[in-house]
Amino acid sequence: MKVSLAQLQIGQKGIIDDFNIDLIPLKLLEMGCLPGNEVQLLQVAPFGDPLYLNVNDSYLAIRLETASAIQVEIPNSKS
Amino acid sequence: MKVGNINIALIGNPNTGKTSVFNQLTGLNQQVGNYPGITVEKKVGVCKLASNLKATILDLPGTYSLNASSLDENVVIELLLNKNDKDYPDVAIVVTEVENLKRNLLLFTQIKDLEIPTILVINMSDRMSYKGISLDIPYLEKQLKTKIALISSRKGEGIEELKNLIVNYKNITTEPSLNASSIDVAYFDSLRKAFPNQPLYKLWLVITQDVNFANLNRNELHNSSFAKSKDDLKRLQQKETIKRYQFINNVLKEGQTIDLASAKDLRSKLDRILIHKVFGYVVFFLILMVIFQSIFDWSNIPMDFIDTSFASLSSWAESVLPAGILTNLIVQGIIPGLGGIVIFIPQIAFLFLFISILEESGYMSRVVFLMDKTMRKFGLSGKSVVPLISGTACAIPAIMATRNIENWKERLITILVTPFTTCSARLPVYAIIISLVIPNKRLFGIFNLQGLTLMLLYLLGFGMALFSAWVLHKVLKIQSKTYFVVEMPNYKLPMIKNVAINVVEKTKSFVFGAGKMILAISIVLWFLASYGPGENFKNAEQIVAKENVSGTNIEGKIASYKLENSYIGLIGKSIEPVISPLGYDWKIGIAIVSSFAAREVFVGTLATIYSIQDSDDQDTTIRNKLSAEVHPVTGEKLFNLASGVSLLLFYAFAMQCMSTLAVTKKETNSWKWPAIQLVFMSGFAYTVALIAYQILKN
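Residues numbered from 1 in each chain as written. Chains lettered and ligands numbered in written order. Predicted model: local features only at pLDDT ≥ 70, side-chain atom pairs only at ≥ 80, totals over all residues. Heavy atoms only, no water.

### Considerations on the overall build of chain A
Using the following cut-off: Secondary structure elements follow DSSP: runs of H or I no shorter than four residues count as helices, runs of E no shorter than two count as strands, and numbering proceeds from the N terminus. All radius of gyration figures rest on C-alpha atoms, and the globule criterion is 2.2 Å times the number of residues raised to 0.38. Residue contacts follow a heavy-atom distance rule, with two residues in contact if any of their heavy atoms lie within 4.5 Å. Values of accessible area rely on a 1.4 Å probe in the Shrake-Rupley scheme; residue burial ignores everything except the protein chains shown. In this tally, Asp and Glu contribute negative charge and Lys and Arg positive charge; neither His nor the terminal groups of the chain are included. Note that the charge is assigned to NZ on lysines, CZ on arginines, CG on aspartates and CD on glutamates.
On a plain count of helices and strands, chain A comes out with two helices and six strands. For chain A, the N- to C-terminal ordering of α and β elements is β-β-α-β-β-β-α-β. Here chain A has a C-alpha radius of gyration of 11 Å; the compact-globule value for 79 residues is 12 Å, and the two agree. The dimensions of chain A, computed from C-alpha atoms along their principal axes, are 30 × 30 × 20 Å. Nonlocal contacts in chain A, meaning residues at least 24 apart in sequence, comprise 58% of its contacts between residues at least 6 apart. Carbon and sulfur atoms make up 49% of the accessible area of chain A, which amounts to about 3300 Å² in all. Computed over 5 positive and 9 negative side-chain charges, the separation of the two mean positions in chain A equals 6 Å.

Written out as structure tokens, the structure is:
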């Protein structure tokens with residue numbers, strides 16, 4: 001199932017599938033946010049934004065807006 | 001015997017302990033300055049490698065990659081691309097951290113591609129067993145084509161091995177660790193043909209980065225067929241990044257094993273509390289309370305001590321030195337002027353202490369995360385919290401700390417409003433005025449009224465910063481993308497040595513920077529107050545004697561009369577019409593004018609003026625002198641509630657710091673924004689102070 005990164009539940013993992021490169025800063029790519037890498041939503045800040053992620057073993061926070069531009073594939077089996 | 005020297009550049013991601021490696025290598029043998037022309041901090045240290053060999057180590061600003069997105073990061077690239085730079089490294093040391101090796105290695109592969117001998121430092125080896133990580137060092141060295149030093153800067157382990165590697169740096173191959181040019185083979189092939197003598201990756205950086213280069217003609221590259229559109233460049237940079245990670249992932253698959261079962265997780269436990277939607281704010285508020293408590297309360301003891309010490313130093317100096325103009329200058333000008341700055345060393349030190357603990361521990365990123373959504377309502381970023389907090393120490397480093405805010409509009413607003421936060425230069429002004437006009441009583445037997453007033457002034461500063469940010473957010477029409485990426489580092493116990501060095505360095509540079517200016521202004525003021533034009537000044541003795549036949553306290557009256565007719569008295573008198581509606585006399589006026597260079601000069605100026613007036617009793621503190629002062633017209637105490645509150649409000653809002661204006665100009669690259677700061681803030685301050693005085697005076 002493909003959803004945007006912004007739609008993940010807390011604790012849920014996915015594999016980064018694709019993104020709109022014009023909406024993503026290069027720095028985020030350099031932190032490991034690249035297609036094929038695993039991403040997990042760890043926490044959401046009060047009032048729903050920003051999001052706290054583990055991407056490719058890097059811990060970082062991005063805003064909802066940026067997260068919406070990233071598509072992730074959620075494995076069917078619950079893990 | 002001649003001592004050889006090698007240049008070393010220390011490079012690494014933020015939060016890898018790069019600065020503690022620097023501290024371990026150089027000890028206290030370091031100097032902090034600025035890169036020429038820009039306000040990026042330049043840290044240089046010396047390390048003795050052998051009896052005939054030393055190393056000059058440059059601690060470059062932390063960066064995630066060589067694709068620069070800030071002034072600090074530009075410095076790294078400009079140095080590494082310019083072989084003629086006197087700091088150009090013989091060896092580059094890339095510092096990485098064992099828990100974030102994958103991400104940290106990205107920068108390493110880029111540096112390696114520049115064909116500089118590069119040593120890889122893997123720091124925080126003491127965390128390996130804790131996290132269940134083991135590394136195959138010989139394998140990694142072979143794959144990455146480098147030498148590796150596994151160290152723990154916290155425990156001081158592995159530093160000698162690192163020094164050994166540095167001594168033998170010539171054994172390290174300069175061969176790139178991967179071939180990044182395969183992202184667009186045809187393009188890079190033609191680039192190679194056109195510039196056969198340059199490393200390919202260097203050419204690529206010249207094309208992609210917007211920085212200055214000596215040597216390489218940028219235009220030649222940009223006007224040729226090698227130019228590419230911004231979008232194309234970004235796609236290629238994405239490809240490059242993917243390529244590098246593929247390489248790194250492959251290397252680490254073999255060279256690193258992580259046993260998740262034995263890994264312990266402090267991060268998620270602490271995060272559960274520190275960024276909790278309720279407890280997170282409670283903890284943050286408590287930390288702020290402790291910081292303010294330390295500034296208002298704990299630092300009182302050393303401050304009182306410094307105050308009385310300077311008063312007795314003045315009277316001691318007067319008693320030993322021979323009478324004369326030079327002694328007057330020292331006793332009335334220099335000593336009280338310096339006392340005015342030395343007195344707030346304790347407060348500045350406390351502030352820098354807390355800020356550096358919060359940053360070292362990794363907590364600051366959690367505050368950014370917690371506050372982002374709220375701050376955005378005011379047109380700011382979560383990252384604005386750091387400048388706003390460090391603004392309570394000094395607006396200059398605070399404005400420089402805005403560099404990591406990616407969004408230009410959010411960054412500009414942060415720069416513009418940061419000077420509203422109560423910086424430490426306002427503290428001596430607040431402290432002395434509050435002690436004069438606010439009664440030292442307790443409200444409900446708990447809250448000290450003076451402390452409460454100070455707290456209120458801090459809140460006022462923050463409130464005003466937020467309010468004007470909100471106004472600017474509505475007024476400014478700037479479109480910019482909302483890029484926001486914050487690394488959430490591991491929690492670490494701050495290292496005492498790092499914190500101590502940071503506090504000492506920051507306090508030192510602040511005190512010496514401000515000290516020079518205060519010393520200069522004190523001398524000028526003393527001169528202007530001790531000499532005057534015309535007959536009135538010259539014949540003060542006769543004129544006063546004629547008017548006061550009764551003869552009590554003739555000396556004091558002569559001194560006041562002289563002061564009124566000195567150069568400074570005349571300047572003060574001429575601006576009196578502007579400031580008297582605010583409740584100030586001409587002496588306060590002079591203090592305000594002189595503090596347009598820097599606020600803290602206010603107390604020093606009053607000290608200098610009153611020392612000259614009351615030259616017979618040096619041992620009284622400044623506070624007592626001011627308290628006794630009477631308004632020449634009304635006959636009331638000069639510092640009463642109305643004029644005091646008016647002064648407090650004026651200092652809370654007015655833009656009275658040339659250095660801040662200069663740094664705003666540098667960071668925004670335009671005179672427009674500092675001009676707006678100056679006019680808006682000072683105009684607002686005048687209006688508010690005027691209203692407050694007119695309401696309160698009756």
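That covers the picture; the talk isn't over yet.
### Comments concerning the sheet that holds strand 4 (residues 53-59) of chain B
Either a parallel or an antiparallel arrangement is found when strands of a sheet pair, and the pairing is made through backbone hydrogen bonds. All names here are of chain B. Definition in use: Pairing between strands is defined by DSSP: at least two bridges between the two strands are required. A fitted line through C-alpha atoms represents every axis, and for helices the fit uses only the stretch in contact; the resulting angles, taken between N-to-C directions, go from 0 to 180 degrees.
With mixed pairing, seven strands are arranged side by side in an open sheet as 2-3-4-1-5-6-8. Edge positions in the open sheet fall to strand 2 (30-34) and strand 8 (147-150), since each of these has one partner strand only. Pairs of neighbouring strands in the sheet enclose a mean axial angle of 25°, with direction left out of account. Here strand 3 (residues 41-50) pairs with strand 4 via seven bridges, running antiparallel. Bridge pairing links Val 44 to Leu 58 in strand 4. Against the sheet, helix 5 (residues 137-144) touches strand 6 (118-123) and strand 8, its axis set at about 140° to strand 8.

### Topic: a nonpolar patch on the surface
Residues and elements named next belong to chain B. Put simply, the rule is: Each patch is built from residues lacking any salt bridge and having more than 30% relative accessible area; the joining distance is 9 Å for like charges and 5 Å for nonpolar side chains (Val, Leu, Ile, Met, Phe, Trp, Tyr). Definition used for salt bridges: Asp or Glu carboxyl oxygen within 4 Å of a side-chain nitrogen of Lys or Arg.
Taken together, the side chains of Ile 273, Val 278, Phe 279, Val 282 and Leu 286 make up a nonpolar region of the molecular surface, amounting to roughly 450 Å² of accessible area. With three residues, helix 12 (residues 279-298) is the largest single contributor of residues to the nonpolar patch. Among the secondary structure elements, Val 282 is positioned in helix 12.

### Quick look at the UniProt feature "transmembrane region" (unreviewed entry) in chain B
Residue and element names in this part refer to chain B. Stated formally: UniProt positions are given in the numbering used here, feature names are shortened, and annotations may be inferred rather than shown by experiment.
The UniProt entry lists residues 278-296, 338-358, 378-400, 412-438, 450-472, 510-529, 641-663 and 675-696 under the feature "transmembrane region" (unreviewed entry), expressed in the numbering used here. Taken end to end, residues 412-438 comprises 67% helix and 0% strand; its first and last C-alpha atoms sit 37 Å apart. As a span, residues 450-472 carries 100% helix and 0% strand, and end to end its C-alpha atoms are 33 Å apart.

### Quick look at the domain arrangement of chain B
All names here are of chain B. This is how it is decided: Segment limits for the domains were obtained from an automatic or database-derived domain assignment. By buried area we mean how much accessible surface two parts lose on assembly, using a 1.4 Å probe and totalling the loss over both. We define a polar contact as two N or O atoms separated by no more than 3.5 Å, with the added condition that, inside protein, one atom must be a possible hydrogen donor and the other a possible acceptor, whereas residues neighbouring each other in sequence contribute only through side-chain atom pairs. Side-chain classes follow a simple rule in which Ala, Val, Leu, Ile, Met, Phe, Trp, Tyr, Cys and Pro form the nonpolar group, Asp, Glu, Lys and Arg form the charged group, and the remainder, Gly included, forms the polar group.
The domains assigned to chain B are domain 1 (4-261), domain 2 (279-308 + 345-475) and domain 3 (515-696). Distance between the C-alpha centres of domain 2 and domain 3: 27 Å. The partner domain 3 presents 32 residues to the 32 residues of domain 2 that form the contact. Of all residues in domain 2, the largest losses of buried area upon contact with domain 3 belong to Ile 433, Leu 436 and Val 437, amounting jointly to 18% of the total for that side. At the boundary of domain 2 with domain 3, the tally comes to two salt bridges. One salt bridge in this structure joins Arg 411 and Glu 667, with 2.7 Å as the shortest N-O distance. One can count seven residue pairs in polar contact (both at pLDDT 80 or more) joining domain 2 with domain 3. Elements represented by at least two residues in the side of domain 2 that touches domain 3 include exactly helix 13 (300-320), helix 18 (395-400), helix 19 (408-417), helix 20 (426-437) and helix 21 (449-475). Of all the elements, helix 20 adds the most residues to the side of domain 2 that touches domain 3, at 10 residues. Tallied by class, the residues present in the side of domain 2 that touches domain 3 amount to 24 nonpolar, four polar and four charged.

### Looking at the interface of chain A and chain B
Counting from both sides, the interface comprises 33 residues of chain A and, opposite them, 41 residues of chain B. When the two sides are added together, the surface that chain A and chain B hide from each other amounts to roughly 3500 Å², 57% of it contributed by carbon and sulfur. Here chain A and chain B share six salt bridges between them. Across the salt bridge formed by Arg 63 of chain A and Asp 372 of chain B, the nearest N and O atoms sit 2.9 Å from each other. Where chain A meets chain B, there are 18 residue pairs in polar contact (both at pLDDT 80 or more). Counting residues per element, the ones that place at least two in the side of chain A that touches chain B are helix 1 (26-30), strand 3 (38-44), strand 4 (51-55), strand 5 (58-62) and helix 2 (64-68) of chain A. The residue inventory of the side of chain A that touches chain B, partitioned by class, reads 21 nonpolar, five polar and seven charged. Summarising the sheet, strand 5 of chain A and strand 12 (residues 485-487) of chain B pair through three bridges and their orientation is antiparallel. If you follow Ile 62 of chain A over to strand 12 of chain B, its bridge partner there is Val 485 of chain B.

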